[in-house]
Amino acid sequence: YYWAPKYSARNVACPGCTKPCGKLFVIKEGKYAGTEVDGPEYETLYSLGGCPEISSIEAVAKANELCDLLGLDTISAGVTVAWAMEAAERGLLKPEDLDGIQLAFGDEDAFLAVLERMGRREGKVGELLTDGSKAASERLGKGGEFAIHIKGMELPAYDIRGAKGVALAFAVSFRGGDHLTAGNYGTEFGGSWWRFEAVDRHSIVNKGFEVKFHEDLMALYDVLGICKFSRHMFFLEGLPELVRAQTGLELSAGELLTVGERVYNLARAFNVREGFSRKQDHLPKRVMEEPIPEGPSAGDRVSYEELQAMLDDYYEARGWNRAGVPLKAKLVSLDLEEIAEETGAGRA
Ligand code: SF4
């Protein structure tokens, strides 16, 4: 990063990690003197920088610090304020709706003021925006067509119009659009990873199995407590040895992957019980209707028909029915029979 010589005080790592990925950003003088934050990281640069068009790295660091201190997720917070900026630009939100704040793209003072109110759930801003862009557009009764979220979670820094497999992964993620549930963006943008070769990010072919495999492996990573930044170091075939060394358990790679599959089916069953189904495995309108205007992915979008075809492919790979409900036979085969009874598991 260009600012590292000026602002990076030292590396920051999780306990015991040998590859520290964090940087402590310290501002000693000027408008934001006293700011001290672990970041801003890649996603945060997009959400608190690019989305609201804040060009000052110092203001982005300050916004990052505010989010950390107030308990706001930087991706959701930044994308939500960008939604409000667009709503203001379109005349759907007036200063009187925002505690008198004149919100506009690129205005760092207004941006920080709104973030702070969101974090404290203060005033009209807090009421409208704190729960994210989906809730905000529903409360306003307008602006849903440009709210960039899936299942109420704002999207991270990947233009999924140009990576169909990532779009599918975001659409089906049980917690909403996020990059870590499947973590297949490296495979899609790089074109290969582990045993996946010649992956075509512009095509919808074979995305069902690709997403399922990545989800199961990442769920296994969570179970084992492995950082997902290690997925180019710890491949599936190396995990049995790690598990044996830590626990003494003799489990094959296939058995371990089934642990991840069980986690994923359990999470899906939870969502089914709470009323989620295929309808919520959606994409933002813009992803489906507005093609990328230029560059190597020019013309790419994920049409409604492409999404439906990928959903069918994915549900089939998972052993779920067309509504996205795990089949009873699938749950029983994963030793989740009780869950099958509780959710009224899907029929074929
Ligand atoms: S996030 Fe992962 S790579 Fe970064 S410091 Fe923590 S354990 Fe290490």
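Residues numbered from 1 in each chain as written. Predicted model: local features only at pLDDT ≥ 70, side-chain atom pairs only at ≥ 80, totals over all residues. Heavy atoms only, no water.

**Here we look at the overall build of the protein**
Point 1. Across its full length, the protein holds 16 helices and 5 strands.
Point 2. Since a compact globule built from 348 residues should have a radius of gyration of about 20 Å, the 22 Å found for the protein is in line with a globular shape.
Point 3. In terms of principal-axis extent, the alpha carbons of the protein reach across some 60 × 45 × 40 Å.
Point 4. Per-residue burial for the protein yields a buried fraction of 50% across its 348 residues.
Point 5. A fraction of 57% describes how many contacts in the protein between residues 6 or more apart in sequence connect residues 24 or more apart. (Helix = DSSP H or I, 4+ residues; strand = E, 2+ residues; numbered from the N terminus. Rg over C-alpha atoms; globule rule 2.2 N^0.38 Å. Buried < 20%, exposed > 50% of the residue type's maximum accessible area, 1.4 Å probe, protein only. Contact = heavy atoms within 4.5 Å.)

**Digging into the sheet that holds strand β1 (residues 8–12)**
Point 1. Ordered by their spatial adjacency, 3 strands build an open sheet running β1-β2-β3, and the pairing between neighbours is antiparallel. In the strand order of this sheet, the two ends are held by β1 and β3 (36–38), each with one partner. In this sheet, neighbouring strand axes are inclined to one another by 20 degrees on average, regardless of whether the strands run parallel or antiparallel.
Point 2. When β1 meets strand β2 (residues 22–26), the two strands line up antiparallel, connected through 4 bridges. Among the inter-strand pairings, R10 is bridged to a residue of β2, identified as L24. (Pairing = 2+ DSSP bridges. Axes fitted to C-alpha atoms, helices over the stretch in contact; angles between N-to-C directions.)

**Description of helix α12 (residues 253–273)**
Point 1. The terminal C-alpha atoms of α12, which comprises 21 residues, lie 31 Å apart, in line with the 30 Å expected from a rise of 1.5 Å per residue.
Point 2. Among the residues making up α12, those that are buried are L256, L257, G260, E261, Y264, N265, A267, R268, A269, N271 and V272.
Point 3. On its buried side, α12 packs onto α8 (164–172), α10 (207–224), α11 (239–247), α14 (304–318), α15 (328–333) and α16 (337–343).
Point 4. Residue G275 follows α12 closely and has a positive phi angle near 100 degrees. (Expected span 1.5 Å × (residues − 1).)

**Here we look at the domain arrangement of the protein**
Point 1. Taken domain by domain, the protein holds domain 1 (4–147) and domain 2 (160–343).
Point 2. Here the C-alpha centroids of domain 1 and domain 2 sit 29 Å apart.
Point 3. If you look at the interface, domain 1 gives 9 residues, while domain 2 gives 7 residues.
Point 4. For the pair domain 1 and domain 2, the summed buried area comes to about 570 Å², and 57% of that belongs to carbon and sulfur atoms.
Point 5. Its salt-bridge partner being E86, residue R286 comes within 2.6 Å of it at the nearest N-O pair.
Point 6. Taken together, the residues that form the side of domain 1 that touches domain 2 break down as 4 nonpolar, no polar and 5 charged. (Domains from an automatic or database assignment. Buried area = accessible area lost by both parts, 1.4 Å probe. Salt bridge = Lys/Arg side-chain N within 4 Å of Asp/Glu carboxyl O. Nonpolar A, V, L, I, M, F, W, Y, C, P; charged D, E, K, R; others polar.)

**Some thoughts on a nonpolar patch on the surface**
Point 1. Together, V223, L224 and V263 line one region of the surface with nonpolar side chains, adding up to about 200 Å² of accessible area.
Point 2. Topologically, L224 is positioned in helix α10. (Patch = residues over 30% accessible without salt bridge, like charges linked within 9 Å, V, L, I, M, F, W, Y side chains within 5 Å. Areas by Shrake-Rupley, 256 points an atom, 1.4 Å probe, with all protein chains shown as cover.)

**A word on the site of the ligand**
Point 1. Close contacts around the ligand come from A13, C14, C17, K19, C21, C227 and F229, and that covers them all.
Point 2. Taken together, the residues that form the shell around the ligand break down as 6 nonpolar, no polar and 1 charged. (Near = heavy atom within 4 Å.)

**Observations regarding the state of the cysteines**
Point 1. Applying the stated criterion across every chain, the model contains 0 disulfides.
Point 2. The thiol sulfur of C51 is not disulfide-bonded, and the nearest other cysteine sulfur, from C67, lies at 12 Å. (Disulfide = S-S within 2.5 Å.)

**A closer look at unusual backbone geometry**
Point 1. The omega angle of the peptide bond from G39 to P40 is -10 degrees, so this bond is cis rather than trans.
Point 2. One can find P40 in the loop between β3 and α2 (42–50).
Point 3. We note that E53 has phi near 60 degrees; this positive angle belongs to a residue other than glycine.
Point 4. Looking at where E53 falls in the secondary structure, it is placed in the loop between α2 and α3 (57–70).
Point 5. Positive phi outside glycine occurs at A198, with the angle close to 50 degrees.
Point 6. Among the secondary structure elements, A198 is positioned in the loop between α9 (185–190) and α10.
Point 7. Note on A198: relative accessible area 74%, which makes it exposed.

**Section: α14**
Three- or four-residue spacings in an α-helix give side chains the same orientation, since the helix completes a turn every 3.6 residues.
Point 1. In this model, α14 (15 residues) spans 21 Å end to end at C-alpha, consistent with the 21 Å of a helix rising 1.5 Å per residue.
Point 2. All buried positions along α14 are accounted for by L307, Q308, M310, L311, Y314, Y315 and R318. On an axial view of α14, the arc spanned by its buried residues comes to 165 degrees, and they lie on one face. Among the exposed residues of α14, those oriented more than 90 degrees off its buried face are E305 and E316. (Arc of directions from axis to C-beta.)

**Examining the packing of α2 against helix α4 (residues 74–89)**
Point 1. Interhelical geometry of α2 versus α4 gives an angle of 20 degrees and a closest axis separation of 7 Å. In terms of axis orientation, α2 runs roughly parallel to α4. Where α2 crosses over α4, the handedness of that crossing is left-handed. Residues E43, T44, Y46, S47 and L48 of α2 touch α4, and the partners they reach there are T74, I75, G78 and V79.
Point 2. Class assignment of the residues belonging to the contact of α2 with α4 gives a composition of 4 nonpolar, 4 polar and 1 charged. (Parallel < 35°, antiparallel > 145°, perpendicular 65-115°, else oblique. Left-handed = near helix turned anticlockwise from the far one by under 90°.)

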